[in-house]
Amino acid sequence: MLLERYLETIGSEAIQRALNLDGPRPALVRPTTDPKFGDFQINGAMKLAKELGRPPRELAQPIAEALRGIDAIEKAEVAGPGFVNIHLSNAWIAKTLTEALHDLDRDGVPPVEDPEKVIVDFSSPNIAKQMHVGHLRSTIIGDAISRILSFVGHDVVRDNHLGDWGTQFGLLIVGMREWGEEAALQSDPITELERVYKLASERAGRDEAFADQARAELAKLQSGDADNRKLWEHFVEVSRTALDAVYAELDVSFDVWLGESAYHEALPGVVDALLGKGIAREDDGAVCIFWDELDSAPKNLRKQKTPFIVRKKDGAFLYSTTDIATVLHRANALHADRALYVVDNRQGLHFQQLFAAMRLLGVDMALEHIGFGTVLGRDGKPLRTRDASGHVITLASLLEESKQRARARIDEGIAEGRLRVRPEEMDEVSRVVGIGAVKYADLRQNRLSDYQFDWDKMISFQGNAGPYLQYAYARCASIFAKGGLTMDDSAAEASILLETPTEQTLGRHLMRFADVVHQAAITSQPHLICEHVYELSRAFNGFYAECPVLDADGATRESRLGLTAMTARQIRRGLDLVGIGVVDRM
RNA sequence: GGACCCAUAGCUCAAUUGGAUAGAGCGCCGGUCUACGGAACCGGAGGUUAGAGGUUCGAGUCCUCUUGGGUCCGCCA
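Summarised in this report is the structure supplied together with it. Owing to the predicted nature of the structure, the values given are computational and were not obtained by experimental measurement.

## Some points on helix H23 (residues 554-577)
Here is step 1 of the chain: The end-to-end C-alpha distance of H23 is 34 Å, a good match for the 34 Å that 24 residues give at a rise of 1.5 Å each.
Here is step 2 of the chain: Here H23 lies mainly inside the structure; 17 of its 24 residues are buried.
Here is step 3 of the chain: Following H23 by one or two positions, Gly 579 adopts a phi angle in the positive range, close to 80°.

## Describing the packing of helix H2 (residues 44-52) against helix H3 (residues 56-67)
A pair of packed helices can be characterised by two numbers: the angle between their axes and the separation between those axes.
Here is step 1 of the chain: Viewed as axis vectors pointing N to C, H2 and H3 meet at an angle of 120°, and their least axial separation amounts to 8 Å. For the element pair H2 / H3, the angle class is oblique. In terms of crossing hand, the pair formed by H2 and H3 is right-handed. Taken together, the residues of H3 that come into contact with H2 (itself represented by Ala 45, Met 46, Leu 48, Ala 49 and Leu 52) are Pro 56, Leu 59, Ala 60 and Ile 63.

## What to know about the protein's contact with RNA strand B
Here is step 1 of the chain: The environment of RNA strand B is formed by 79 residues, the closest being Thr 306, Arg 418, Asn 446, Phe 461 and Gly 463.
Here is step 2 of the chain: Among the elements that take part in the surface near RNA strand B, helix H18 (residues 466-483) stands out by supplying 8 residues, more than any other.
Here is step 3 of the chain: Class assignment for the residues of the surface near RNA strand B results in 30 nonpolar, 30 polar and 19 charged.

## Some thoughts on the pairing of strand S4 (residues 83-88)
Here is step 1 of the chain: In terms of burial, S4 is largely enclosed, as 5 of its 6 residues are buried.
Here is step 2 of the chain: Strand direction decides the pairing type here: strand S2 (residues 40-42) and S4, joined by 3 bridges, are antiparallel. When the sheet's bridge partners are listed, Gln 41 is paired in S4 with Asn 85.
Here is step 3 of the chain: Hairpin connection between strand S3 (residues 73-79) and S4: a loop of 3 residues separates the two successive antiparallel strands, and Gly 80 in this loop has a positive phi of roughly 55°.

Calculation notes
Residues numbered from 1 in each chain as written. Chains lettered and ligands numbered in written order. Predicted model: local features only at pLDDT ≥ 70, side-chain atom pairs only at ≥ 80, totals over all residues. Helix = DSSP H or I, 4+ residues; strand = E, 2+ residues; numbered from the N terminus. Expected span 1.5 Å × (residues − 1). Buried ≥ 20, exposed ≤ 12 C-beta atoms within 10 Å, placed from the backbone. Axes fitted to C-alpha atoms, helices over the stretch in contact; angles between N-to-C directions. Parallel < 35°, antiparallel > 145°, perpendicular 65-115°, else oblique. Left-handed = near helix turned anticlockwise from the far one by under 90°. Contact = placed C-beta atoms within 7 Å. Near = placed C-beta within 6 Å. Nonpolar A, V, L, I, M, F, W, Y, C, P; charged D, E, K, R; others polar. Pairing = 2+ DSSP bridges.

Here it is as structure tokens:
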């Protein structure tokens, strides 16, 4: 159940009742900062003090009294300047947890009441290039957000908006004719395409005739030339194979792959519409939106002197044009309610302009830029995408390294007798732990801030890192294995009791799951789930150290098995919602 | 020239969007174990939230200014 929403409801009703108001007022329920203040606090009295012209403590007193007698509430008392502190009843928590424990489908997380159709636009690599570390954040953050939104009941469309139609294809086409080697293209296509692209782009920089030729080939491609079209299709096809391998490794999938090329035919219409509605005008041969000339433009854009260009003076369109066409398609053909763009913070201005243009065009679909910070190296500077010898560090090689590092640490653990991994499980465990460590290190922090990439921290496997959580899960699984039990059977039978302080603490953490998942969905912040799973694992480890499970008797044993099962399920579900796996033994 | 973002413990990051005495991990110091898995548990030290004003019952969070860092901005994506 959504605990905070429930408390907000009973809190606001209590306020209305206690103060004889004509309607409910916000209770402003928040978790307390310190357990000695109870579990939650109601801050509404202080807000109302001014409106009603009475001292907040005088309002808080009857509110506290009105809350007494409700099942969930053990104690409600006034404190400080006018807080109403709520202590939840252990019996009520135990009963609620037992219900959630029996809910194998959703672990007690209710679906949203108003499901929406949401497009999540993420990853978006360029064709004919390897994915590199720069694509990591968009891919895993976008995947996590998609999983979360989907789980809470939204209709999610994961869209990989490939860069498959830009100026690089003109260069590639002329380059392949000049330097291309068919054998290399067969055996290692991306490497060959990158090699040729590099040569072509260098040549174009100093050879104007060559650059013109590339532009001409691009124009031919875009106007439907059969030969160029075939080449382009071949580029796309081999690129897809390489991309699919990386996505498989990351366990990331898409519902649609609507790259830039999918919108090509819509582009002239976009420019016509902008011109026709007086939003854009021609300037120096190009078609531009000048924000400082539009009264209805957002005010910080109005100060922007430089325009938003939607068609170059040579007649070619830009990604701005494509992006507009894409929104129109999502709004008019897909009937989406929202679109989320999981893209680097640095493109913030572009999206402000795009969204403003869409509003001027009369599109009312919710558009949101889900920005994220730069990946930094240990030196605090943006992580170089090339290594010391100038080779690009590909995403595939980074993931390979994470698996190898994980494997090395697991080997150490096995040698020291601390870990239990069967030889035949080694590949799977290194993959889950290694990839999980990379994902967790990224997802556990607020996506907006820059993120420092540090192998040692990720693979040190101590404290707040992916393996700590997976280890907690393995401990849970191990209890069932040792007892000859299965998690789901134990869950089905168990009735939870909260007897000792560590069990009560664990229970309170378990109670927060649904709120956390919904909050993460609303704010597009996967780190909230990571934080919860970490706190839960900590609480479980405390419980584990203090409370015997298999050696306990009767109802206590049954309850502790239930708490263990529920912890395991929340860790597994929580990690799954951010795209990280678990294993039974590690 | 304009726009946007950031500054929290030695380091890496939180802080439920304005709530009480700002919390974790790493590192440091001290403790726990004949154990359902020590990649663990418990405790301690460590802070003028860059600085100065302001708004109000209440500010790390909102407003203004200052300092220091970053990013983006006419024909790339």
